[in-house]
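In case you want the letters, here they are:
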Amino acid sequence: MTTTTQQHTASDLFAQALRYENRADPYPYFAQLCRRPVVPEENGTWLVSGYHEISRLLRDPRVSADRRRPEEEQPIRKSLLVEDAPRHDQLRHQVTEQFVPRIMGLRDHIDGLVTGLLDAHTSQRPGQLDVVGDLAYPLPVTLICELLGVPREDEPVFGSIARRLTRGLDPVETQTEDELRELREARGELVQYLEGLIADRQAAPADDLLSGLMFGQGSDAPMDPIDLRVTLALLLIAGHETTVNLIANGTLALLRHPDLLARLRAEPDLVTPLVEEVLRYDPPVQMSGRSTLADIDLGGTTIPKGSRVRLLLAAGNRDPRRFSDPDRFLPDRPGNAHLGFGGGIHYCIGATLARTEAQVALTALARRLASPRLVAAPPPYRENAILRGPDRLLVSFDRLT
Ligand code: HEM
């Protein structure tokens, strides 16, 4: 095979993986890409789909988290997600100092929220539940709003902004003109919304993360006002658009493996490795991006300095060189160091929170729904390719216990 054919093939496979028609199961395309773990597309972007290669790039200081093309619209200030050391580390420290103490000991509170959501919705519609709309979406949204200090009644406004913004994370070539226009509008609405929120806090500080960042007593607080706006937007969107998919994908895995559902009822501790396996097998964040600050050699292939790189986390998570039987959902697999939360200095800040939410939600679903069944298989998926998950997940059941 010539290099040109190989390049065509990699781009085609990637395009197939992104196609909406393949949203329910992009994994066969990722598996084919993974056979050539480091390969350039015709447009010069590199696709990295091997587990070991992705892990190395996530930890290489010669690789920048800034993934934008120079011609793309540049934001006023970069968030920590796309910032490099040392600024990244400073910002991350400011956030974790406020975030970590606030998520400790939240499990009982999360349990109460899950109970409330299940009781409310099942009593309205006995026998059927939309796991996305009734549980997986409202749970993380309530929590991130409570943590940050966003009034719950503002959620519909913010939720609509978050939806349009996350679609904007997908490769630009997959988006329509209308979607790109909506994205610009959503950015404007977000800025306006955050201004109002910050002004309210300025007038009346409260015991929440936003006030902590604005007036905090930590070692390097308060946060610079522009960084504050950018960080707030990042946390709100991460809190709205990721955990929903972990809970929904976990529910799907349980409904597709009745033996595991039965085991989870009998062995509640199974939920911990089970959630890790969802993060490997069906990760809510399917890929990330980087750019190279030097020529980087990966097992004999050199990615030239100045290249844009796509890290296909979902492909690396099923790399047969790292995971045996990668296409099987096996919560008992040993050493499941998946890439679902990334790795290195950008490892997900919300990982503990997201894990706890998913563990509590899946435990409650397994325990309380008698004979749950999927109404549509596969369920309808959201348009998003990167933050991928079902749009609705209708489950019917005999009764709620
Ligand atoms: C970073 C996944 C939930 C906040 C990341 C990264 C991944 C990820 C893969 C690394 C991106 C990269 O290296 O380019 C997930 C998944 C979640 C989740 C799968 C849910 C299941 C959350 C939540 C929050 C959050 C709930 C906040 C409340 C962040 C932040 C970063 C990040 C701030 C950037 C960290 C840095 O750059 O140092 N997440 N995330 N995430 N996540 Fe999450």
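Residues numbered from 1 in each chain as written. Predicted model: local features only at pLDDT ≥ 70, side-chain atom pairs only at ≥ 80, totals over all residues.

J.: Just give me the short version of the nonpolar core, but keep the residues and values in it.
T.: Formed by 72 residues in total, the largest nonpolar core has its most connected members in A136, L148, L236, A361 and L362. Among residues more than four places away in sequence, those in contact with A361 are V114, L135, A136, L139 and I247. Formed by 32 residues, the second largest nonpolar core is a distinct cluster that contains F30, V39, L57 and V309. (Core = buried A, V, L, I, M, F, W, Y, C linked by C-beta atoms within 7 Å. Buried ≥ 20, exposed ≤ 12 C-beta atoms within 10 Å, placed from the backbone. Contact = placed C-beta atoms within 7 Å.)

J.: Break down the packing of helix α14 (residues 271-281) against helix α16 (residues 351-368) for me, with residues and values.
T.: The description of two packed helices rests on the angle between their axes and on the distance between the axes. It is at 10 Å that the axes of α14 and α16 come closest, and there the two elements cross at 115 degrees. With respect to each other, α14 and α16 are oriented roughly perpendicular. Relative to α16, the crossing made by α14 is right-handed. Contact residues: V271, T272, L274 and V275 in α14; R355, A358, Q359, L362 and T363 in α16. Across the contact of α14 with α16, the residue classes tally to five nonpolar, three polar and one charged. (Axes fitted to C-alpha atoms, helices over the stretch in contact; angles between N-to-C directions. Helix = DSSP H or I, 4+ residues; strand = E, 2+ residues; numbered from the N terminus. Parallel < 35°, antiparallel > 145°, perpendicular 65-115°, else oblique. Left-handed = near helix turned anticlockwise from the far one by under 90°. Nonpolar A, V, L, I, M, F, W, Y, C, P; charged D, E, K, R; others polar.)

J.: Outline helix α2 (residues 27-34), listing residues and values.
T.: The set of residues buried in α2 consists of Y29, F30, L33 and C34. Down the axis, α2 shows its buried residues gathered within 140 degrees of arc, on one side only. (Arc of directions from axis to C-beta.)

J.: Give me the lowdown on the site of the ligand, citing residues and values where you can.
T.: In the vicinity of the ligand lie 24 residues, with A238, G342, H346, C348 and G350 positioned nearest. Ranked by residues supplied to the shell around the ligand, first place goes to helix α11 (residues 225-241) with four residues. Looking at side-chain class alone, the shell around the ligand contains 15 nonpolar, eight polar and one charged residues. (Near = placed C-beta within 6 Å.)

J.: Describe in detail the sheet that holds strand β10 (residues 373-374), supporting the description with residues and values.
T.: Ordered in space as β4-β11-β10, the three strands form an open sheet in which the pairing is antiparallel. Each end of this open sheet is capped by a strand with a single partner; those strands are β4 (128-130) and β10. For β10 and strand β11 (residues 394-396), the ladder comprises two bridges, and the chain directions are antiparallel. Bridging across to β11, R373 finds its partner in S396. (Pairing = 2+ DSSP bridges.)

J.: Give a description of the pairing of strand β8 (residues 308-311) that names residues and reports values.
T.: For strand β2 (residues 46-48) and β8, the ladder comprises three bridges, and the chain directions are parallel. Each residue of the ladder has a partner; that of W46, found in β8, is V309. By the bridge criterion, four bridges tie strand β5 (residues 288-292) to β8 in an arrangement that is antiparallel. Of the residues in β8, the one forming a bridge with S288 is L311.

J.: So what about the sheet that holds strand β3 (residues 63-64)? Which residues, and what values?
T.: Spatially, five strands are ordered β1-β2-β8-β5-β3 in an open sheet, and the strand pairing comes out mixed. The sheet is open, and its two edges are formed by β1 (38-40) and β3, each paired on a single side. Of the pairings in the sheet, the one linking β3 to β5 comprises two bridges and is antiparallel in character. From the neighbouring strand, V63 faces β5, where its bridge partner is T292.

J.: Describe the environment of D332, naming the residues involved and giving the relevant values.
T.: Relative to the helices and strands, D332 is located in the loop between α15 (313-316) and α16. In sequence terms D332 and E21 are 311 residues apart; their C-alpha atoms lie 32 Å from each other.

J.: Describe in detail unusual backbone geometry, supporting the description with residues and values.
T.: Outside of glycine, negative phi angles account for most residues, and trans bonds account for most peptide bonds. Of the consecutive residues A85 and P86, the connecting peptide bond is found in the cis state with omega at 5 degrees. Each neighbour pair has its own omega, and for A377 with P378 the value is -5 degrees, a cis peptide bond. In this fold, P378 is placed in the loop between β10 and β11. With a phi close to 50 degrees, D325 is a non-glycine residue in the positive phi region. By secondary structure assignment, the location of D325 is in the loop between α15 and α16.

J.: So what's going on with the packing of helix α7 (residues 138-148) against α11? Which residues, and what values?
T.: Packing of α7 against α11 leaves a shortest axis separation of 8 Å and a crossing angle of 155 degrees. Relative to α11, the element α7 lies roughly antiparallel. Seen along the crossing, α7 lies across α11 with a hand that is right-handed. Of the residues in α11, those touching α7 at P140, V141, I144 and L148 are L232, L235, L236, G239 and H240. Grouping the constituent residues of the contact of α7 with α11 by class yields seven nonpolar, two polar and no charged.

J.: Can you tell me about the environment of R373, naming the residues and giving the values?
T.: Structurally, R373 can be placed in strand β10. Classification of R373 by C-beta neighbours within 10 Å gives partly exposed; the count is 14. Once residues lying within four places of it in the same chain are set aside, the contact partners of R373 are V395 and S396.

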